[in-house]
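So you can see what is in the structure, the chains are spelled out below.
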Amino acid sequence: MSTSFKGFALLAILVTAVGTVPAFAQSPLDTVPITVTTDKESYADGETIIISGETRDYISGVQLTISITNPIGNRVALAQIEVGTDKTYSHEIAAGGSL
C-alpha cells in the first residue's frame with residue numbers, strides 16, 4: 001500500500017471544525033467540543049473514507065467544516081456538512097487522486 005494513501009488517511013483524521021459552538025466560562029476540564037473518527041486506519045486508491053463524530057453542543061443552522069490537507073499542507077478536500085439534532089455527523093470522501 002502506498003505511503004501517500006496512509007498519509008492521506010492519517011490527515012483525514014485532522015479535520016478542522018469551523019463555526020463550532022461558542023462557549024463561555026469554559027474550564028479546561030470540560031468535555032472536548034468535537035470528536036472525529038474514521039472507519040479505517042488506511043485506505044487504498046478509490047476506497048471510501050467515512051469521517052464521523054459528535055459535537056458537544058447543537059445549534060440549528062450551524063454547519064461543520066471538514067478540511068483535509070496533504071502531507072505538504074495543501075488542501076485536498078473541503079466540505080460543509082450539517083450536524084444532526086442528535087449532535088452527530090458523518091461524511092464520505094473518496095481516497096486517492098493527486099496529492
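Because the structure is a prediction, the values reported are computed rather than measured. (Residues numbered from 1 in each chain as written. Predicted model: local features only at pLDDT ≥ 70, side-chain atom pairs only at ≥ 80, totals over all residues. Heavy atoms only, no water.)

Engineer: Would you take a moment to explain the environment of T37 for this structure?
Structural biologist: Along the chain, T37 falls in strand β1 (residues 34-38). Along the sequence, T37 and S90 sit 53 residues apart, while their C-alpha atoms lie 9.4 Å from each other. (Helix = DSSP H or I, 4+ residues; strand = E, 2+ residues; numbered from the N terminus.)

Engineer: Would you mind going over the sheet that holds β1 with me for this structure?
Structural biologist: Each strand in a sheet pairs with another by means of backbone hydrogen bonds, the pair being arranged parallel or else antiparallel. In spatial order, the strands read β1-β2-β5; together these three strands make up an open sheet with antiparallel pairing. One side of each edge strand has no neighbouring strand; the edge strands of this open sheet are β1 and β5 (88-94). Strand after strand, the sheet turns through a mean of 20° between neighbouring axes, direction not considered. Across five bridges, the pairing between β1 and strand β2 (residues 48-55) is antiparallel. Among the inter-strand pairings, V36 is bridged to a residue of β2, identified as G53. (Pairing = 2+ DSSP bridges. Axes fitted to C-alpha atoms, helices over the stretch in contact; angles between N-to-C directions.)

Engineer: Help me understand the pairing of strand β3 (residues 63-69), please; the structure alone is not making it clear to me.
Structural biologist: Every regular strand shows the same layout, with side chains that alternate between the two sheet faces. With five of seven residues buried, β3 is to be regarded as a mostly interior element. The sheet contact formed by β3 and strand β4 (residues 75-82) spans seven bridges and is antiparallel. Across the sheet, S67 pairs through a bridge with L78, a residue of β4. (Buried < 20%, exposed > 50% of the residue type's maximum accessible area, 1.4 Å probe, protein only.)

Engineer: I tried to follow the environment of H91 on my own but got confused; where do I start?
Structural biologist: Relative to the assigned elements, H91 resides in strand β5. When the C-alpha atoms of H91 and Q80 are compared, they prove to be 9.3 Å apart, with 11 residues separating the residues in sequence. What H91 contacts, discounting residues up to four positions off in sequence, is I49, I50, I51, I66, A79 and I81. (Contact = heavy atoms within 4.5 Å.)

Engineer: I tried to follow the pairing of β2 on my own but got confused; where do I start?
Structural biologist: Only one face of β2 is covered, namely the one carrying I49, I51, G53 and T55; the face carrying T48, I50, S52 and E54 has none of its residues buried. Pairing geometry for β2 and β5, over seven bridges, is antiparallel. When the sheet's bridge partners are listed, S52 is paired in β5 with S90.

Engineer: I would appreciate a short explanation of the confidence of the model for the protein chain in the present structure.
Structural biologist: Interpretation of the predicted coordinates at a detailed level should be avoided for regions scoring low in pLDDT. Considering every residue of the protein chain, the mean pLDDT works out to 76; 66% of them sit at 70 or more. Mean pLDDT across the elements of the protein chain bottoms out in helix α1 (residues 3-13) (50) and peaks in β5 (94). Predicted confidence is poor over residues 9-29, with pLDDT under 50, and the contacts of this stretch with residues over four places away or in other chains come to 36 contacts. (pLDDT = per-residue confidence, 0-100.)

Engineer: What am I meant to see in the pattern of salt bridges here?
Structural biologist: Between side chains of opposite charge, a pair can form when the charged atoms approach closely. Scanning the model with the defined rule gives two salt bridges in all. Ionic pairing is found between E47 and K40, a salt bridge with its closest N-O pair at 2.9 Å. A residue is classified by how much of its surface remains accessible, and E47, at 28% relative accessible area, is partly exposed. We note a salt bridge from R56 to D57, for which the minimum N-O separation is 3.3 Å. Accessibility expressed as a relative area gives 30% for D57, which makes it partly exposed. (Salt bridge = Lys/Arg side-chain N within 4 Å of Asp/Glu carboxyl O.)

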